[in-house]
Amino acid sequence: IQNNINVDIKYALHICITLLEYFSIIHSNKVIHRNLKLSSVLIKGSDLYLTNFLNSVKLDNKNSSNEILLDNCLLYRAPESISTGIFSAKSDVYSIGVIFYELLMRAPPFNDSEILDPKFENFEISFNNYSRKQEIPYIIQEFIKKLLEFDPLKRLDTFQALKYYKSKVKPYFY
């Protein structure tokens, strides 16, 4: 996706939901990606391909991993993985939220200095982008906020996110 192109909301939503569907399968097999970012998603028309599984791990009998991450791109990392080094399936969901936001707003929701700020959990996600011609509907803003929830215990997992989409977001558009 080129930075100078506005992505249609329905197309960005399609990408987000497809990622959530892929990751519901990946997570059901106890695997987490840990390094998901927009450059890890190859998009060709309506087809998506995931790449960069170098840092992925199998969770076995635990629900999180603190193995060393080789790539340190903070913009897509969940807050808990930055502060503790621990990743979970919900860390991948956070990354999907960042990708969805970035597709719509043409920029990540936070910058590196905000992410490293001790008051990060109090930052508000802004949907004001004056270069965007199409306003982001409230239901999409709320969906993104649920994916980007600071507290992983309150953040949706892939199955909850898909359920939220089907019950709240999809009826708005279809």
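Please refer to the structure higher up on the page.
Parameters and conventions
Residues numbered from 1 in each chain as written. Predicted model: local features only at pLDDT ≥ 70, side-chain atom pairs only at ≥ 80, totals over all residues. Heavy atoms only, no water. Phe/Tyr/Trp six-rings, centres within 6.5 Å; stacked < 30°, edge-to-face > 60°. Helix = DSSP H or I, 4+ residues; strand = E, 2+ residues; numbered from the N terminus. Buried < 20%, exposed > 50% of the residue type's maximum accessible area, 1.4 Å probe, protein only. Expected span 1.5 Å × (residues − 1). Axes fitted to C-alpha atoms, helices over the stretch in contact; angles between N-to-C directions. Contact = heavy atoms within 4.5 Å. Nonpolar A, V, L, I, M, F, W, Y, C, P; charged D, E, K, R; others polar.

### A word on the packing of aromatic side chains
Each aromatic ring pair is characterised by the separation of its centres together with the angle its planes make. Tallied over the full model, the rule gives four aromatic pairs. Taking 6.2 Å as the distance between ring centres and 70° as the angle between the ring planes, the aromatic pair formed by Phe100 and Phe143 counts as edge-to-face. Pair noted here: Phe100 is in helix 3 (residues 89-105) and Phe143 is in helix 5 (residues 138-147), with a separation of 43 residues, a long-range link. Grouping residues by exposure puts Phe100 and Phe143 together as buried. Taken together, a centroid distance of 5.6 Å and an interplanar angle of 15° make the contact between Phe143 and Tyr164 stacked.

### Let's talk about helix 3
Taking 1.5 Å per residue as the helical rise, helix 3 with its 17 residues ought to reach 24 Å, and the 25 Å between its terminal C-alpha atoms agrees with that figure. With 16 of its 17 residues buried, helix 3 lies for the most part within the structure. Looking one or two residues beyond helix 3, the residue adopting positive phi is Arg106, at roughly 65°.

### Re the packing of helix 3 against helix 5
At their nearest, the axes of helix 3 and helix 5 sit 8 Å apart, and the two run at 145° to each other. Residues Val93, Tyr94, Gly97, Phe100, Tyr101 and Leu104 of helix 3 lie in contact with helix 5, whose contacting residues are Ile140, Phe143, Ile144 and Leu147. Here the residues of the contact of helix 3 with helix 5 are counted per class, giving nine nonpolar, one polar and no charged.

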